[in-house]
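Residues per chain are reported as follows:
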Amino acid sequence: MTATTEQAVETRTFLPVLDDDAPPQHPRPGLGKPTSEESFTLIGTWVAALAMSWLVTQRLLPLGGWAWLVVSWFALGILFTIVTGFMSGRRVDVVDRVAGAVITSGALVVGAALVSTIGFVVFRGWEPLLHLNFFLDDMSGVGPRDAFERGGIAHAIVGSAIELGIALVVTLPLGIGTAVFMTEVGGRFAGVVRTIVEAMTALPSIVAGLFVYTVLIVAIGFPRSGFAAAMALAVMMLPIIARASDVVLRVVPGGLREASLALGASRWRTVWHVVLPTARPGLATAVILGVARGVGETSPVLLTSGVATFMVTNPSEGVMNSLPLYIFKGARSPEPMDIERAFAAATVLLILVLVLFVIARLVARTRTTARRRGLLGRLRRLTQHSARTRETT
Amino acid sequence: MTTLPATESSFADAPEVAPRKLARKATGVDRVFELSASAIGATVLLITGGIGAFLAWQSVPTLERYGWSFFTESAWQPEADILGIGAVLVGTVSVAAVAMVIAFPLALLTALFISEYAPAGIRATLISLVDLMAAVPSIIYGMWGYFLVMPHAAAFALWLQQNFGWLPFFKIDADPDAAVWDVSRYVGSAFCAGIAVAMMVLPMSCAVMRQVFSQTPPGEKEAALALGSTRWGMVRTVVIPFGRGGIIGGTMLGLGRALGETIAVLLIISPDFVIKPRILEVGTNTVSALIAGRFGDASAAQLSALLTAGFVLFVITLIVNTLASIIVNRSRSGAGTDA
């Protein structure tokens, strides 16, 4: 009787359906995950160390100030970790815990340094940023003690944009062209070029600036101008972009090239239609990171462009200001208002670098990873899916 | 019936068989492509190589004029015709040394944390943060060091002097037990500049180290864990030996960057031309800060001397970077990865 009912049940077969978002059927065993006792010991150790260090530094010893508190918290935390470690384990476990604590603290120190850098710059410079004229005006006729309602950094932003634009027009074809030459044409001469380009990435930016200053301004007699600054930036950025593009082009799979050649395409068509499109995200990242490096580089600009307080749009004559130069001059000024303006400009520069960086990250994502990862990718997949279904119906 | 293979003589009247010649020489569009690519390569070689050659060529008259004393003389007095980079070289090295002492342990710990200790969910974010840190302009680290860190660094220098003043490099020419301590003797030192430079060097070294650590074969790591090793035991016996080349190479790449750093140093230090090992005391100078400070009012001869100083800096950086890349490439790290 039982056999017949089983037969009745088993007549239908259910195909397994794969659901990406479903939770796993069995809870994954937490390998290496701390047990509740271990995490309690960890938290308890550090809380106890904090309390103890507060008692020692602020109440018992004359060591006021938060610096001593943090230092003694760390020292006592390590000490307490050793004590609690020996309560439950052997020497090996104690060493493991101490190493974990030291490594985590090291990373926390670095994180705190980064947060303090960004936080400090924004904190000191937020006030001028609230006035719209800070982005729209230049500093002509604005005294160092004028209120933030007057003056702005439009001239520095425009100057930076013009200098970087010219530098990019020079470096982009030359840098990527050299990378194509080194990877696609090859030969002994390409090896020489690669060696020299790699060597020149070691050129300190101040020496690049000094080179352009000596050749263009002193020897040829070209005036200090945006063009000279752009040349200095180009000299600095060229090896960086060429080398980064070379790395990107070298990882294009050789099979793709061979497939294209086997289909009868010429080498030029292979490069143009296969290699460069494949490497496009990587090349874009290389260029954007080169720009991010160039936009914040102060020393070549300091030597070659001169400082203007007014808007200059002609790069070939007359001094021109740029963001890093404006910040540098402001930071060295004795006037507190100038310093505050410099911090505001530094915030703008920081945001600019951040935006460039995020763009580089988004571009660098290949299409497949962009689809798989993140909310944005999932949304895009969803919209593409609905668009496709709409087309078919 | 079996046919015997034809003997050679039966082919005597057949036309000569020769392998087809393959033309490797590019023709048409390819020729244009190859030539223009070579032209671009030659241009870049001319530009970049030209800079190095120009610097070397400009240094010849200076080195002929001053000889070896250019490297040992500490004063920079163009009006008295005494020029030397002894002091600035020592200053450059001491700033870079302070930076590396701070940056190396932090970079190593951070790289280990990201690759081995951080939860897998936030690892990608942490990597991006380190890369972002490398992209922050040096002028911003300079402002951070000058306005935020320097007062605290001066207080720390006072403490070091009071407790470790017997060490020659912690000596300061000021009374440590004065009722009101003379702050101006403790700021603008190689130590203060080194802190800001460390922030610039750190993300770069950290990125190289993390990259190498992440290439550790997972099989070896799992083998260590399966043999009963703790996480630190695994890191100590597998990850660090595997990544040793990356650790050294990343540190040296950072050192190359630290030697050439200009703007943060220029903002923080008070220029001084004395050879001194006292890193906590006010006043020092580096090659790049010297160039940035003196280029404006330089005559042709002085400009040539500045270019020589720049050339010396470039050669030092080049040697450090080349050694770094050799170490990274020759170590076991990266072996077996199919890029």
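These numbers come from a predicted model, not from an experiment.

Re the overall build of chain B
On a plain count of helices and strands, chain B comes out with 12 helices and 2 strands. Listing the helices and strands of chain B from first to last along the sequence gives α-α-β-β-α-α-α-α-α-α-α-α-α-α. Computed over its C-alpha atoms, the radius of gyration of chain B comes to 29 Å, more than 25% above the 20 Å expected for a compact globule of 339 residues. The buried share of chain B, reckoned over its 339 residues, is 47%. Restricting the contact set of chain B to residue pairs at least 6 apart, pairs at least 24 apart contribute 78%.

Focus on the overall build of chain A
Scanning chain A for helices and strands turns up 16 helices and 0 strands. Put simply, chain A has 393 residues, and 38% of those count as buried. In chain A, the share of contacts with a sequence separation of at least 24, taken over all contacts with a separation of at least 6, comes to 68%.

Some details on the confidence of the model for chain B
Detailed reading of predicted coordinates is not advised where the pLDDT is low. All names here are of chain B. Of the residues in chain B, 93% reach a pLDDT of 70 or more, and the chain-wide mean stands at 83. Here residues 333-339 is a poorly scored stretch, pLDDT under 50, and it has 10 contacts once near neighbours within four places are set aside; other chains count. The complex model carries a pTM of 0.81, and its ipTM stands at 0.82.

Looking at the interface of chain A and chain B
Between chain A and chain B, the contact holds 69 residues from the first and 66 residues from the second. Counting residues per element, the side of chain A that touches chain B draws most heavily on helix α4 (residues 91-129) of chain A, at 19 residues. Tallied by class, residues from the side of chain A that touches chain B come to 51 nonpolar, 13 polar and 5 charged.

A short note on the nonpolar core
In this structure, Ala232 and Ala345 of chain A together with Val197 of chain B are the most contacted members of the largest nonpolar core, which totals 195 residues. Of the residues forming this core, the biggest block, 19 residues, is contributed by helix α6 (residues 190-214) of chain B. Leave out the neighbours within four places in its chain, and valine 197 of chain B touches Val95, Ala99, Ala258, Glu261, Ala264 and Val265 of chain B.

Let's talk about the packing of helix α3 (residues 66-88) of chain A against α4 of chain A
Each pair of packed helices gets described by two things: the angle between the helix axes and the distance between those axes. Residue and element names in this part refer to chain A. At their nearest, the axes of α3 and α4 sit 8 Å apart, and the two run at 155 degrees to each other. Taken together, the axis directions place α3 and α4 in an arrangement best described as roughly antiparallel. As for the relative orientation of α3 and α4, their crossing is right-handed in sense. Packed against α3, whose contacting residues are Phe74, Gly77, Ile78, Thr81, Ile82, Gly85 and Phe86, the element α4 presents Asp93, Val94, Arg97, Val98, Ala101 and Ser105 at the interface. Of the residues that constitute the contact of α3 with α4, the class distribution is 7 nonpolar, 4 polar and 2 charged.

Observations regarding the packing of helix α7 (residues 188-200) of chain A against helix α1 (residues 29-66) of chain B
Relative to each other, α7 of chain A and α1 of chain B sit at 45 degrees, their axes nearing to 9 Å. Judged by the angle between their axes, α7 of chain A and α1 of chain B are oblique. Note on packing geometry: the crossing formed by α7 of chain A with α1 of chain B is left-handed. Where α7 of chain A approaches α1 of chain B, its residues Ala190, Val192, Val193, Ile196, Val197 and Met200 of chain A are matched on the opposing element by Gly41, Val44, Leu45, Thr48, Gly49, Ile51 and Gly52 of chain B. Here the residues of the contact of α7 of chain A with α1 of chain B are counted per class, giving 9 nonpolar, 4 polar and no charged.

Some details on α3 of chain A
With 23 residues, α3 of chain A should cover 33 Å at 1.5 Å per step; its first-to-last C-alpha distance of 32 Å lies within 8% of that length. For α3 of chain A, every residue scored as buried is listed here: Ser72, Trp73, Leu76, Gly77, Thr81 and Gly85 of chain A.

Structural notes on helix α8 (residues 205-219) of chain A
In this model, α8 of chain A (15 residues) spans 20 Å end to end at C-alpha, consistent with the 21 Å of a helix rising 1.5 Å per residue. Of all the bends in α8 of chain A, the greatest, near 30 degrees, is centred on tyrosine 213 of chain A. Where α8 of chain A is concerned, the buried positions are Ser205, Ile206, Val207, Ala208, Gly209, Leu210, Phe211, Val212, Tyr213 and Thr214 of chain A. Summarising the contacts, the buried residues of α8 of chain A are in contact with α9 (226-250) and α12 (299-304) of chain A together with α1, α9 (244-260), α11 (287-294) and α12 (300-330) of chain B. Glycine 221 of chain A lies just past α8 of chain A and shows a positive phi near 85 degrees.

Details of the environment of glycine 233 of chain B
Positionally, glycine 233 of chain B belongs in helix α8 (residues 231-242). Residue glycine 233 of chain B is classed as partly exposed on the basis of its 17 C-beta neighbours within 10 Å. Sequence-distant contacts of glycine 233 of chain B, that is, excluding residues within four places in its chain, are made with Val92 and Asp96 of chain A together with Ala224 of chain B.

Observations concerning the environment of leucine 323 of chain B
Looking at the secondary structure, you find leucine 323 of chain B in helix α12. Considered as a pair, leucine 323 of chain B and valine 17 of chain B are 306 residues apart in the sequence and their alpha carbons are 54 Å apart.

As for the environment of valine 319 of chain A
Residues and elements named next belong to chain A. Turning to its location among the elements, valine 319 is positioned in the loop between α12 and α13 (323-332). Valine 319 sits in the buried class, given 20 other C-beta atoms within 10 Å. For valine 319 and proline 204, which are 115 residues apart along the polypeptide, the C-alpha to C-alpha distance reads 24 Å. Beyond its immediate sequence surroundings of up to four residues, valine 319 is in contact with Arg224, Ser225, Ser305, Gly306, Val307 and Ala308.

Parameters at a glance
- Residues numbered from 1 in each chain as written.
- Chains lettered and ligands numbered in written order.
- Predicted model: local features only at pLDDT ≥ 70, side-chain atom pairs only at ≥ 80, totals over all residues.
- Helix = DSSP H or I, 4+ residues; strand = E, 2+ residues; numbered from the N terminus.
- Rg over C-alpha atoms; globule rule 2.2 N^0.38 Å.
- Buried ≥ 20, exposed ≤ 12 C-beta atoms within 10 Å, placed from the backbone.
- Contact = placed C-beta atoms within 7 Å.
- pLDDT = per-residue confidence, 0-100.
- Nonpolar A, V, L, I, M, F, W, Y, C, P; charged D, E, K, R; others polar.
- Core = buried A, V, L, I, M, F, W, Y, C linked by C-beta atoms within 7 Å.
- Axes fitted to C-alpha atoms, helices over the stretch in contact; angles between N-to-C directions.
- Parallel < 35°, antiparallel > 145°, perpendicular 65-115°, else oblique.
- Left-handed = near helix turned anticlockwise from the far one by under 90°.
- Expected span 1.5 Å × (residues − 1).
- Bend = angle between axes of the 7 residues up to and from the residue.

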